Amino acid sequence: MRQFILRRLLMMVPTLLGASAVIFFLFALTPGDFVDGNYMLTEARSRELKALYGLDQPVLQRYLTWLGQLLHGDLGFSLQYQIPVTQLLDQYLWHSFLLSLTVLLLYWGLSLAIGISSALRPYSWYDRLVTLAVFAAMSFPVFFLCLLLIKWFAVDLQWLPVGGMQSTGSEATGLARIGEIALHMVLPVLALVMLQSGSLTRYVRASMLEALRLDCVRTARAKGLKERTVILRHALRNALLPLITLLGLELPGLFSGAIITEKLFNWPGVGHIHVDSLAARDYPVLMGFTLFLAVLTIVGNLLADILYAAVDPRVRLR
Amino acid sequence: MSDYLIEARGLSKHFPIRDGLFGRSTGQVRAVDGVDLAIRPGTIFGLVGESGSGKTTVGRTLLGLQPKSAGEIRFRGRDLATLSKPELRALRPRLQLVFQDPYGSLNPRIPVGEAIGEALLEHGLSSRDELRERVLEVMAVCGLAPYHYGRYPHEFSGGQRQRVGIARALALQPDFIVADEPVSALDVSIQAQIINLFAELRERHGTTILFISHDLAVVEHLCDDIAVMYLGKIVETGPRDALFGQPRHPYTRALFSAVPVADPDARRERIVLQGEPPSPAAPPSGCRFHTRCPQASDRCRDEEPTMRPLDGTHRVACHFA
């Protein structure tokens, strides 16, 4: 087990090197850069700035410089915000994380509950109704759903704030601050949970239906176990197996921010930064952020594998 | 109280065929169609027939693991349909099933010792303290070693897994076991061990067993009474000696003529049936066997034969037998 983890961590090195190359060249070879975007600059000033940011050097050398910085834990310097990328991400990442974690917990819980309960009565009215509702929620375009929620709950009913993370000019501290943030979170969380629980519910339902048909579940019934034990201990355990892989893939999602939702609710998260950096061609931010997500993806996969081995005795990691 | 431990009358199980846009039922597979069975306590009852004849379905519906479509099942004279859910659950340990596929029937995520002991705790048949001991005991009876207790199903060979499946059923000390082709997945040397195990159970504990099999040699060796199924119906039933000595139904005769005899000089008449068994979704009119029967007449096409007694409990469903 320890050997397996060590080997997988070592394998991360070439993978990340490859990822860094793809990420860098994708952005570096795209025509235009931060300086080109500003047409107010004179030619001389523009050349001056390019030399300052090192944009006038050959691409390969720029890659090596960037890689050298990375090895020192330096993700570069944001051209637009004029602060180190790590500092920038640190400022906004946690806002996104707070939102995503809440959404993750809620929608996994909801999907499991709905998926299992509808698998227990397949093709019943309940199941059909749930399926319909789930597809309806999934099929809404993000922006439309968000705007609808804002219109209903923030504008018409005025129950909840329109956007942001805290009220403008708020100086609340302690519990009051937590309450205020929670209130601001309701709408974006609602929108994201609605959009995401659809597919997971279907996964859980299908997985559970399959598990309920297993011979060993029939055995459990034949033993005369309580229906609860049959479902939770025998069927659910087998049904959860394929879902672990999905859970592992959620890790980068926790930090990547929800671009459209954050933008619409004016949530000061990393998704917000992402869009702004793209518009301004602030490549150091984009590259640093993308690389960060690459690391999380790899780690998430590793965690899924370890978790898989922990719950399924048939899997031996080598 | 009747003379029988378990009785089924008119037992039927039809599976709907769903088709079309709205999943309407467009027909039925008559897996089991009006089966009468009566098993005396302390005996082994053999149920034979070819693949798809409905043997497994009889076993599962008999134990109530699958809802039946029609008919009546009595255990110790009590109609199982009249029992409430908790009553039925309390009765579960008395009625056990050994599955044909020993791998699929064991939960891959639970060590076998735990799987065997689980139901003992559930039904209060053992205290937590003596659980391990009880499980090891029954494992030993089935030829499993104590160090197998904490192992997972995938760590066993096929024969060992089947023994785990049997140990699981035996641990509950059931009155009635349905053994659904318990040896067909095993090689011959292990088959013998398992068969002896069943015979021993009957001798020592007086366990009643419904032994489902397509291996006639095994059935002849082990069973007291036998029923032959064809396409969801029993065509002939009776004591082993009567059935093997004087098979009356043409299907039974054809079936038994296929049993190999360990004597190279023996001259035997081999009856070879033509064609495949018809689909249970559209069974033939009249006698279900008439499409393949060497003696079929017009009467067989039109009129369905009923079970009639020959001598003693030997009964057959054929116009000419």
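As the structure is a computational prediction, the values presented were derived from the model and not from experiment. (Residues numbered from 1 in each chain as written. Chains lettered and ligands numbered in written order. Predicted model: local features only at pLDDT ≥ 70, side-chain atom pairs only at ≥ 80, totals over all residues. Heavy atoms only, no water.)

Moving on, we get to the overall build of chain B. A count of helices and strands for chain B gives 10 helices and 12 strands. Computed over its C-alpha atoms, the radius of gyration of chain B comes to 21 Å, within 12% of the 20 Å expected for a compact globule of 321 residues. Viewed in the frame of its principal axes, chain B has a C-alpha envelope of about 70 × 60 × 45 Å. Each of the 321 residues in chain B was classed as buried or not, and the buried ones make up 51%. For chain B, the share of sequence-separated contacts (at least 6 apart) that also reach a separation of at least 24 residues comes to 63%. Summed over its atoms, the accessible surface of chain B is roughly 14,800 Å², and 48% of this surface lies on carbon and sulfur atoms. One finds the centroid of the 39 positive side-chain charges in chain B at a distance of 4 Å from the centroid of its 39 negative side-chain charges. (Helix = DSSP H or I, 4+ residues; strand = E, 2+ residues; numbered from the N terminus. Rg over C-alpha atoms; globule rule 2.2 N^0.38 Å. Buried < 20%, exposed > 50% of the residue type's maximum accessible area, 1.4 Å probe, protein only. Contact = heavy atoms within 4.5 Å. Areas by Shrake-Rupley, 256 points an atom, 1.4 Å probe, with all protein chains shown as cover. Lys, Arg positive; Asp, Glu negative; His and termini not counted. Charge placed at Lys NZ, Arg CZ, Asp CG, Glu CD.)

We now examine the packing of helix 1 (residues 2-28) of chain A against helix 3 (residues 59-71) of chain A. All names here are of chain A. As a packed pair, helix 1 and helix 3 sit with axes 11 Å apart at the nearest point and diverge in direction by 130°. The pairing of helix 1 with helix 3 is recorded here as oblique in orientation. The crossing of helix 1 and helix 3 is right-handed. Within the contact between the two elements, helix 1 uses Leu17, Ser20, Ala21, Phe24, Phe25 and Ala28 and helix 3 uses Val59, Leu60, Arg62, Tyr63, Trp66 and Leu67. Of the residues contributing to the contact of helix 1 with helix 3, the split by class is 10 nonpolar, one polar and one charged. (Axes fitted to C-alpha atoms, helices over the stretch in contact; angles between N-to-C directions. Parallel < 35°, antiparallel > 145°, perpendicular 65-115°, else oblique. Left-handed = near helix turned anticlockwise from the far one by under 90°. Nonpolar A, V, L, I, M, F, W, Y, C, P; charged D, E, K, R; others polar.)

On the chain B side, the residues contacting the 20 residues of chain A number 27 residues. Between chain A and chain B, roughly 2,300 Å² of surface is buried when both sides are summed, and carbon and sulfur atoms account for 50% of that area. For the interface between chain A and chain B, the tally reads five salt bridges. Two residues, Glu118 of chain B and Lys223 of chain A, come together in a salt bridge whose shortest N-O distance is 2.8 Å. The tally of links from chain A across to chain B stands at 16 residue pairs in polar contact (both at pLDDT 80 or more). In the side of chain A that touches chain B, the residues fall into six nonpolar, five polar and nine charged. (Buried area = accessible area lost by both parts, 1.4 Å probe. Salt bridge = Lys/Arg side-chain N within 4 Å of Asp/Glu carboxyl O. Polar contact = N/O pair within 3.5 Å; in protein donor to acceptor, adjacent residues only side chain to side chain.)

Residue and element names in this part refer to chain A. Packing of helix 4 (residues 85-120) against helix 11 (residues 270-280) leaves a shortest axis separation of 7 Å and a crossing angle of 130°. Taken together, the axis directions place helix 4 and helix 11 in an arrangement best described as oblique. Residue-level inspection shows Leu88, Leu89, Tyr92, Leu93 and Ser96 of helix 4 in contact with helix 11, the latter providing Val270, Gly271 and Ile273.

What follows covers the sheet that holds strand 9 (residues 225-230) of chain B. Residues and elements named next belong to chain B. An order of 6-7-8-3-9-10-12-11 is seen for the eight strands of this open sheet, with the pairing classed as mixed. The two strands at the open ends of the sheet, each matched to only one other strand, are strand 6 (95-98) and strand 11 (308-309). Judged from the five bridges that link them, strand 3 (residues 44-48) and strand 8 (residues 208-213) form a sheet pairing that is parallel. In the sheet register, Leu47 faces strand 8, and the bridge partner there is Ile212. On the sheet, helix 5 (residues 158-170) packs against strand 6 and strand 7 (176-180) and is oriented at approximately 180° with respect to strand 6. (Pairing = 2+ DSSP bridges.)

To continue, consider the packing of aromatic side chains. Residues and elements named next belong to chain B. What the rule picks out here adds up to 16 aromatic pairs over all chains. Plain terms: the ring middles of Phe198 and Phe211 are 5.8 Å apart, the flat faces sit at 80° to each other, and that makes the pair edge-to-face. Note that Phe198 is positioned in helix 6 (residues 188-205) and Phe211 in strand 8, a separation of 13 residues in sequence. Take Phe211: its relative accessible area is 0%, and that puts it in the buried class. Aromatic pair Tyr251 and Phe289: ring centres 5.2 Å apart, planes at 70°, arrangement edge-to-face. (Phe/Tyr/Trp six-rings, centres within 6.5 Å; stacked < 30°, edge-to-face > 60°.)

A full pass over the atoms with the stated rule returns 30 salt bridges over all chains. A salt bridge links Arg45 of chain A to Glu48 of chain A; the shortest N-O distance between them is 3.3 Å. Here Arg45 of chain A pairs with Glu48 of chain A, and both are found in helix 2 (residues 43-53), just three residues apart, close to one helical turn. The network of salt bridges with common partners includes Lys223 and Arg233 of chain A together with Glu114 and Glu118 of chain B.

Residue and element names in this part refer to chain B. Along the polypeptide, Leu273 turns up in the loop between helix 9 (250-256) and helix 10 (298-302). The sequence separation of Leu273 and Tyr251 amounts to 22 residues, and the corresponding C-alpha distance is 8.5 Å. Setting aside chain neighbours within four positions, we find Leu273 in contact with Tyr251, Ala254, Phe289, Arg292 and Pro294.

Turning next to a negative patch on the surface. A contiguous patch of negative charge on the surface is contributed by Asp129, Glu130, Glu133 and Glu137 of chain B. Within the fold, Glu130 of chain B resides in the loop between helix 3 (112-122) and helix 4 (131-141). (Patch = residues over 30% accessible without salt bridge, like charges linked within 9 Å, V, L, I, M, F, W, Y side chains within 5 Å.)

Before going further, it helps to examine the confidence of the model for chain A. Taken over all residues, the pLDDT of chain A has a mean of 85, while the share at 70 or more is 99%. When the elements of chain A are averaged for pLDDT, helix 2 of chain A gives the smallest value, 81, and helix 4 of chain A the largest, 89. (pLDDT = per-residue confidence, 0-100.)

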